[in-house]
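Next come the chains, spelled out residue by residue.
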Amino acid sequence: KNGKGFFTENNYLTDSKQFYTGLAEKAKSQGAKKLLMSLADQTPRGRDRFEYLAVNALKEDRISEHFENSLKKAPDILESMGLTKEDLAELGTLGEEIGKYANKMDVMFNQGKLPMGANIPMRNVASTRLALLLGQDDLLAKSERVYLNDGVTKKDGVIMAEAKGIDINSKKQEHMELLAGVNDFSDPNLLRQLTNLEIMDYLSGQVDRNPGNMFYQFETVDGQKKLTGIQGIDNDAAFGLQTKEIGQMARLSDIQVMDAVFRDNLY
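Structural notes, computed from the coordinates. Here the residue numbering is sequential within each chain, running from 1 through the sequence in written order. For a predicted model such as this one, the threshold for reporting local features is a pLDDT of at least 70, and the threshold for listing and counting side-chain atom pairs is 80 or more; totals across whole chains, interfaces and linings nevertheless cover every residue. No hydrogens and no water enter the side-chain calculation; it runs on all heavy atoms of the structure.

### Examining the overall build of the protein
Inference 1: What counts as a helix is a DSSP run of H or I of at least four residues, what counts as a strand is a run of E of at least two, and both are numbered from the N terminus. From N to C terminus, the protein includes 11 helices and 6 strands.
Inference 2: Considered along the principal axes of its C-alpha atoms, the protein spans approximately 65 × 45 × 40 Å.
Inference 3: Here the protein, with 267 residues, has 40% of them falling under the buried criterion.
Inference 4: In this analysis, two residues are considered to be in contact whenever any of their non-hydrogen atoms come within 4.5 Å of each other. Look at the contacts in the protein between residues 6 or more apart in sequence, and 69% of them connect residues 24 or more apart.
Inference 5: Throughout, the Shrake-Rupley method with a 1.4 Å probe supplies accessible areas, and for residues the shown protein chains are the sole cover considered. Taken as a whole, the protein presents about 15600 Å² of accessible surface, with 51% of it coming from carbon and sulfur.
Inference 6: Only four residue types enter the tally: Lys and Arg on the positive side, Asp and Glu on the negative side, with His and both chain ends excluded. Where a charge lies is defined by one atom per residue type, namely NZ (Lys), CZ (Arg), CG (Asp) and CD (Glu). Charged side chains of the protein number 34 positive and 40 negative; the gap between the two group centres comes to 3 Å. Note on exposure labels: buried denotes an accessible area under 20% of the residue type's maximum, exposed denotes more than 50%, and partly exposed covers the range between, all computed with a 1.4 Å probe on protein chains only.

### Some points on the pattern of salt bridges
Two side chains of opposite charge can pair, provided their charged atoms sit close to one another.
Inference 1: Whenever a carboxyl oxygen of Asp or Glu lies within 4 Å of a side-chain nitrogen of Lys or Arg, that contact is scored as a salt bridge. Summed over all chains, the structure comprises 14 salt bridges.
Inference 2: Of the charged contacts, one joins Lys142 and Asp138 as a salt bridge, the two residues approaching to 3.4 Å between their closest N and O atoms.
Inference 3: Given a relative accessible area of 38%, Lys142 falls into the partly exposed group.
Inference 4: What makes Asp138 partly exposed here is its relative accessible area of 41%.
Inference 5: Between Asp184 and Lys226 there is a salt bridge, with its nearest N and O atoms 3.7 Å apart. A residue pair is termed long-range when its members are at least 10 positions apart, and Asp184 in the loop between helix H9 (173-180) and helix H10 (188-204) and Lys226 in strand S6 (residues 224-232) qualify at 42 residues.
Inference 6: Note on Asp184: relative accessible area 31%, which makes it partly exposed.

### Comments concerning the sheet that holds strand S3 (residues 154-161)
Strand pairing within a sheet occurs via backbone hydrogen bonds; the two strands may be parallel or antiparallel.
Inference 1: Strand order in the open sheet made by the 3 strands is S1-S3-S2, with antiparallel pairing throughout. Edge strands, defined here as strands with exactly one partner in the open sheet, are strand S1 (5-9) and strand S2 (143-149). Each neighbouring strand pair of the sheet contributes to a mean axis angle of 40°, computed without reference to strand direction.
Inference 2: Relative to S3, S1 is paired through 5 bridges, and the arrangement is antiparallel. By the bridge assignment for S3, Phe6 is matched with Met160.
Inference 3: Axis definition: a line fitted to C-alpha atoms, limited for helices to the stretch in contact. Angles are taken between N-to-C directions and run from 0 to 180 degrees. Along the sheet face, helix H8 (residues 122-133) touches S2 and S3 and points at about 135° away from the line of S2. Strands pair, by our definition, only if DSSP identifies at least two bridges between them.

### Examining the packing of aromatic side chains
Inference 1: Two rings belonging to Phe, Tyr or Trp (six-membered ring only in the last case) form a pair when the distance between their centres is within 6.5 Å. Interplanar angles under 30 degrees mark stacking, angles over 60 mark edge-to-face geometry, and anything in between is tilted. A full pass over the atoms with the stated rule returns 4 aromatic pairs.
Inference 2: The interplanar angle of 75° and the centroid separation of 5.0 Å between the aromatic rings of Phe19 and Tyr20 together place this pair among those described as edge-to-face.
Inference 3: Here Tyr20 falls in the buried class, since its relative accessible area comes to 0%.
Inference 4: Taking 6.5 Å as the distance between ring centres and 80° as the angle between the ring planes, the aromatic pair formed by Tyr20 and Tyr101 counts as edge-to-face. One end of the pair, Tyr20, is in helix H1 (residues 16-26); the other, Tyr101, is in helix H7 (residues 95-111), and 81 residues separate them in sequence.
Inference 5: In this structure Tyr101 comes out as buried when scored by relative accessible area, which is 5%.
Inference 6: Site record: aromatic cluster; members linked through ring pairs are Phe19, Tyr20 and Tyr101.

### What about the sheet that holds S6?
Inference 1: Strand order across the open sheet formed by 3 strands is S4-S5-S6, with antiparallel pairing between neighbours. Of all strands in the sheet, those bounded by a partner on one side alone are strand S4 (166-167) and S6.
Inference 2: Along the sheet, H10 contacts strand S5 (214-221) and S6; its crossing angle with S6, the most-contacted strand, is approximately 20°.

### Here's the deal with the pairing of S2
Inference 1: When S2 meets S3, the two strands line up antiparallel, connected through 7 bridges. Its bridge partner lying in S3, Asn149 is registered against Lys154.

Such coordinate-based values are descriptive only and should not be taken to indicate function.
Here it is as structure tokens:
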């Protein structure tokens, strides 16, 4: 209430054939259409090279331009498909979409074992409700199912509240300096939250908890800014069929003590 949030319309995990066929149907140049249709029928190994270039392009500021240039330097792709400049330019515009899809498949399908057809944004709602059950209301940015109606169209999806703290990918100079200067992780509240988040991620099968999926909260202590808390975001990769501990942060076996409130709610 009375805050900012981010809306995501319901979308579902789709297989590669459906994804690339959909892109091919939208493509205007014949070479791009032909390549995309061939990718739709290939095995994951057959798509590796192409998707590798798209994923790498995501790291650059000009994604489309970088992906197009990468394709130009890939003779195995160029020679096999006979791509023209027009084909490459159109494929370049699809680089971001392809890279994000490849990442999604790796994290959600390969690691998290989400089934095809899984509603992705709704996993944030399930994560929020788990946090509430465990008495950890502020451990995750809250997500709820909503309907958006502008009088013309009605959209069904999820709204996630704006997270509290600083995004590790923030480009603000003051934020970058603050995050770069963190060398003290001893705050009791920070340790409590990190421990609780690790346990909760294990319970929900969250396989994508990484530094970019948390916001960082600072307080002034003895005249110095100190990291005192975190809040998790982007829980799309939770509640799959993965039952093994991923351990991207700490492992459960490293945990020596546990918050009593969390323990009681867990029991």
